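# Secondary and tertiary structure notes
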Amino acid sequence: MKIATWNVNSLRVRLAQLEEWLRRAEPDVLCLQETKVQDADFPVEAFAAQGYQVAFHGQPTYNGVAIAARGPLTDITRGLVGLEDDQCRALAATFAGLRVASLYVPNGTAVDSPRYPYKLGWLEALRAQSRQWLDRNPALVLAGDFNIAPEDRDVYDPSAWEGSVLVSAPERAAFAALIAEGLADALAGEGRDYSWWDYRAAAFRRNQGLRIDHILLGPPLAANFVRGAVDRAARAHPRPSDHAPVVIEVAWPPG
DNA sequence: ATGCCGCGCCCTGCGCGA
């Protein structure tokens, strides 16, 4: 079972790349973020042509999440329980016995921005929602753009980033609280790599990146983790997203 | 210190991203 997540930074702009990438990477389930497409305009046929069923939760201009899978997606839910949010940032569905969530955690903008407490509140709602999901089905996958670099080794220049948004202590504490619910950061060990590089200042060429896109696994999936990696080739593509896909394999169903 | 780039949608400049 191949599980992937990719912040595409506009599905419309990246659709041809994504179609090519699906043929090459062959994920069984793919979580997308920053689709920036409202539901009426979602390119369902492009996915169907490659055998993928889709669920999506989008709005014009900003945000937008989706899940594509090689099989039926059931029990689709939008948003997070207990959180009023007019931004389309969370979508969950059940596929092949897995509970899969595609997540676009708010950026926060800066630690002194009004969007920063919104980010921390959003993360607390995600933690509470994850507790519920795990209690219902421990085969949980949280995949997406978390907009948090969990440790200094996930940052190309930790001293330059110290205390700023994406690395600040409260954000890292919120990430740790998610993990403490019983989730494993799939690429915390082997395969650990940056997942985002700024478009500006030739950041990708200079490998000035951050690891902010993550796949978190519930216990039965973490126990059957096989391998994982960041697909840097996608970031090297002409006119790329600023994020690269994260792809993992788990032995699922087990045995 | 700022912009460096890229996206969307219209204020084709500006907000936003990370």
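Structure: above.
Below, the structure is looked at part by part. (Residues numbered from 1 in each chain as written. Chains lettered and ligands numbered in written order. Predicted model: local features only at pLDDT ≥ 70, side-chain atom pairs only at ≥ 80, totals over all residues. Heavy atoms only, no water.)

## Considerations on unusual backbone geometry
- The linkage connecting tryptophan 252 with the following residue, proline 253, adopts the cis geometry, with an omega of -5°.
- Backbone geometry places aspartate 75, a non-glycine residue, at a positive phi of 50°.
- Relative to the helices and strands, aspartate 75 resides in strand 5 (residues 74-78).
- At asparagine 147, a position not held by glycine, the phi torsion is positive, near 50°.
- Of note, asparagine 147 is situated in the loop between strand 8 (140-145) and helix 4 (158-161). (Helix = DSSP H or I, 4+ residues; strand = E, 2+ residues; numbered from the N terminus.)

## Description of the environment of cysteine 31
- Along the polypeptide, cysteine 31 turns up in strand 2 (residues 29-33).
- For the pair cysteine 31 and alanine 69, spaced 38 residues apart in the sequence, the C-alpha separation amounts to 8.8 Å.

## Section: the protein's contact with DNA strand B
- Among the 25 residues in the neighbourhood of DNA strand B, the closest are listed as Ser10, Glu34, Asn107, Arg115 and Arg200.
- The contact atoms of DNA strand B, taken as those within 4 Å of the protein, divide so that sugar and phosphate hold 66%.
- Contacts to DNA strand B include threonine 61, whose backbone N or O atom sits 3.4 Å from a phosphate oxygen.
- At a separation of 3.1 Å, a phosphate oxygen of DNA strand B approaches a polar side-chain atom of arginine 239.
- When residues of the surface near DNA strand B are assigned to their parent elements, the largest contribution, three residues, is made by helix 1 (residues 11-25).
- Across the surface near DNA strand B, the residue classes break down as nine nonpolar, eight polar and eight charged. (Near = heavy atom within 4 Å. Polar contact = N/O pair within 3.5 Å; in protein donor to acceptor, adjacent residues only side chain to side chain. Nonpolar A, V, L, I, M, F, W, Y, C, P; charged D, E, K, R; others polar.)

## Structural notes on helix 1
- Taking 1.5 Å as the rise per residue, helix 1 with 15 residues should run 21 Å; its terminal C-alpha atoms sit only 17 Å apart, a clear shortfall.
- For helix 1, the full list of buried residues reads Leu11, Arg14, Leu15, Gln17, Leu18, Trp21, Leu22 and Ala25.
- Of the surrounding secondary structure, the elements contacted by the buried residues of helix 1 are strand 1 (2-7), strand 2, helix 2 (44-48), helix 7 (232-236) and strand 14 (246-250). (Expected span 1.5 Å × (residues − 1). Buried < 20%, exposed > 50% of the residue type's maximum accessible area, 1.4 Å probe, protein only. Contact = heavy atoms within 4.5 Å.)

## A short note on helix 3 (residues 115-136)
- Under the 1.5 Å per step criterion, the end-to-end length of helix 3 is 31 Å for 22 residues, consistent within 8% with the ideal 32 Å.
- Buried within helix 3 we find Tyr116, Lys119, Trp122, Leu123, Ala125, Leu126, Gln129, Ser130, Trp133 and Leu134.
- Here the buried face of helix 3 lies against strand 6 (90-95), strand 7 (98-104), strand 8, helix 5 (169-180) and helix 6 (219-222).

## A word on the packing of aromatic side chains
- Counted according to the given criterion, the structure contains six aromatic pairs.
- Following the ring pairs from residue to residue traces out a cluster consisting of Phe42, Phe47 and Phe56. (Phe/Tyr/Trp six-rings, centres within 6.5 Å; stacked < 30°, edge-to-face > 60°.)

## Regarding the pairing of strand 14
- With four of five residues buried, strand 14 lies mostly within the body of the structure.
- Here strand 1 runs beside strand 14; their pairing, made up of four bridges, is antiparallel. Looking across to strand 14, one finds that alanine 4 is bridged to valine 247.
- Relative to strand 14, strand 13 (residues 225-230) is paired through five bridges, and the arrangement is antiparallel. Across the sheet, the residue bridging to phenylalanine 225 is valine 250, located in strand 14. (Pairing = 2+ DSSP bridges.)

## A look at the side chain of aspartate 213
- By the element assignment, aspartate 213 lies in strand 12 (residues 213-217).
- Buried charge aspartate 213 goes without a salt bridge, the closest partner of opposite sign being arginine 211 at 9.3 Å.
- Among the polar contacts made by the side chain of aspartate 213, one reaches the side chain of serine 195 at a distance of 2.6 Å.
- Separated by 2.8 Å, the side chains of aspartate 213 and histidine 243 make a polar contact.
- Aside from chain neighbours lying at most four places away, what touches aspartate 213 is Asn7, Gly144, Asp145, Ser195, Trp196, His243 and Val246. (Lys, Arg positive; Asp, Glu negative; His and termini not counted. Salt bridge = Lys/Arg side-chain N within 4 Å of Asp/Glu carboxyl O.)

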